[in-house]
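Listed here are the chains, written in short residue letters.
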Amino acid sequence: MIFLDDVTVSTGKRTLVSNVGFRVQGGVVLGVYGPNGAGKSTLLRAVAGVLPHPHSGIIEIDGVMISPRLDPAERCRKVLRLGSDFQSSFGVRVSELFELATRSGGRGDLVPEVLNRLELRGFLARDFGSLSDGQKQWVMFGRALIQNPRVLVLDETFSKLDLDRLATAKDLIRQRVSAGGVVIVASHDLNRLARWSDRLLFLASGRKIADGPVDEVFNSENLKKMYPDSKLELDPQAPLSVRY
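So, a few notes on the structure that sits alongside this text. Since the model is a prediction, treat every value here as computed from it, not as a measurement.

Quick word on the packing of aromatic side chains
Next, step 1: All told, the structure shown has four aromatic pairs when counted by the stated rule.
Next, step 2: Ring geometry for F141 against F158: centres 5.0 Å apart, planes inclined by 85 degrees, an arrangement best described as edge-to-face. On the criterion of sequence distance, the pair formed by F141 in helix α5 (residues 133–147) and F158 in the loop between β7 (151–155) and α6 (163–178) is long-range, its members being 17 residues apart. When sorted by exposure, F141 lands in the same class as F158, which is buried.
Next, step 3: Between F158 and W196, the aromatic rings sit 6.0 Å apart at their centres with planes inclined by 55 degrees, giving tilted as the arrangement. Taken together, the positions of F158 in the loop between β7 and α6 and W196 in helix α7 (residues 190–196) put the pair 38 residues apart, joining distant regions of the chain. The burial state of F158 is the same as that of W196; both residues are buried.
Next, step 4: Members of the aromatic cluster, each reached through a chain of ring pairs, are W138, F141, F158 and W196.
Next, step 5: When the ring centre of W196 is taken as reference, the NZ or CZ atom of R192 above it lies at 5.7 Å.

A look at the layout of surface pockets
Next, step 1: Computed from the structure, the largest pocket encloses a volume of approximately 310 Å³.
Next, step 2: The wall of the largest pocket is formed by 15 residues, among which L110, N148, Q175, R176 and A179 lie closest to the centre.
Next, step 3: Looking at the lining of the largest pocket, the elements that each hand over two or more residues are α4 (111–117) and α6.
Next, step 4: Residue composition of the lining of the largest pocket, by class: six nonpolar, four polar and five charged.
Next, step 5: Taken as a whole, the second largest pocket encloses approximately 240 Å³ of empty space.

Quick word on the sheet that holds strand β1 (residues 2–11)
Next, step 1: Ordered in space as β2-β1-β4-β5, the four strands form an open sheet in which the pairing is antiparallel. Every other strand in the sheet has two partners, leaving β2 (14–24) and β5 (64–65) as the edge strands with one partner each.
Next, step 2: Along the sheet, helix α1 (residues 40–47) contacts β1, β2 and β4 (55–61); its crossing angle with β2, the most-contacted strand, is approximately 60 degrees.

Structural notes on the side chain of T157
Next, step 1: Structurally, the position occupied by T157 is in the loop between β7 and α6.
Next, step 2: Residue T157 is classed as buried on the basis of its relative accessible area, which comes to 1%.
Next, step 3: Side-chain polar atoms of T157 contact the backbone oxygen of G83, separated by 3.0 Å.
Next, step 4: Contacts of T157, omitting those with residues within four sequence positions, involve L82, G83, S84 and Q137.

Conventions we followed
- Throughout, residues of each chain are indexed from 1 in the direction in which the sequence is written.
- Given that this is a predicted model, residues contribute local features only at a pLDDT of at least 70 and side-chain atom pairs are listed and counted only at 80 or more, while totals for whole chains, interfaces and linings are drawn from all residues.
- As a rule here, side-chain values cover all heavy atoms of the structure and leave hydrogens and water aside.
- Any pair of Phe, Tyr and Trp rings, taking the six-membered ring for Trp, is counted once the centres come within 6.5 Å. Such a pair is stacked with planes under 30 degrees apart, edge-to-face with planes over 60 apart, and tilted for the rest.
- Helix numbering and strand numbering both begin at the N terminus, where a helix is a DSSP run of H or I of at least 4 residues and a strand a DSSP run of E of at least 2.
- Residue burial is assigned from relative accessible area. The probe radius is 1.4 Å, only protein chains are included, and a residue is buried under 20% of its type maximum, exposed over 50%, and partly exposed in between.
- Here, over-ring charges are defined by two tests on the NZ atom of lysine or the CZ atom of arginine: distance to the ring centre within 6 Å, and angle to the ring normal within 35 degrees.
- Within this scheme a cavity is a closed region of a 1 Å grid, computed over the protein atoms alone, that accommodates a 1.4 Å probe without allowing it to escape, whereas a pocket is open but has protein on both sides within 12 Å along at least five of seven lines; lining residues each have an atom within 4 Å of a point.
- Grid points are joined across faces, edges and corners, and a volume is the space filled by probe spheres set on the points.
- Polar here means any residue other than Ala, Val, Leu, Ile, Met, Phe, Trp, Tyr, Cys and Pro, which are nonpolar, and Asp, Glu, Lys and Arg, which are charged; Gly is therefore polar.
- By the convention used here, strands pair only if DSSP detects at least 2 bridges between them.
- Here, two residues are considered to be in contact whenever any of their heavy atoms come within 4.5 Å of each other.
- All axes here are fitted lines through C-alpha atoms, helices being fitted over the stretch that makes contact, and every angle between N-to-C directions spans 0 to 180 degrees.
- Think of a polar contact as two N or O atoms within 3.5 Å of one another; within protein, one of them needs to be a possible hydrogen donor and the other a possible acceptor, and neighboring residues in sequence only count if both atoms come from side chains.

Here is the structure:
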């Protein structure tokens, strides 16, 4: 479903992502992890076709080349990226955000289920700008589920959610991939990311360190490649956990 080959992103004399490639089939949660400045957000913006800088290499979803030149409606049906910080003009209600999602190619039949599962009915009349940061993340996640892209990219989208909402988010992500979709999740919480994901992609200094099933990628050797001067190590008492 997703195919990247030799993707490189440069701005002037600085290379942000260098020769990254991977392939992901449907029905998979791909976790993306790396130290600060590893190139995670740059790569995920490129995957979503919203990167302001030109890139070289191939990015395809279902055989369609993804780039800012692709028709926006077609691009949103293929891939949608959510970040962590959301702003809006004063006066935009939550209900209007959901209506916009349905008018721009989303599935109106999913609205009742999303409102129920995310417990958002009480938010519909509220101004989006009045919500807390965590509430904004939750509302925009609901909007993305209504938009229903083939590939959903969550770039630190859950950084300010409560534990109960994180549990619901995990269930909804598994529901999407069980129906054949792909969800890409980037997070600084490696322990949680490993538990949520089917595959992991590790980056450092803009380069791919490792890519593959979680139990093959999540190891001390790859941690050392990302953090060569650190004493981080796997916790022998807790599978898929780093001790620090």
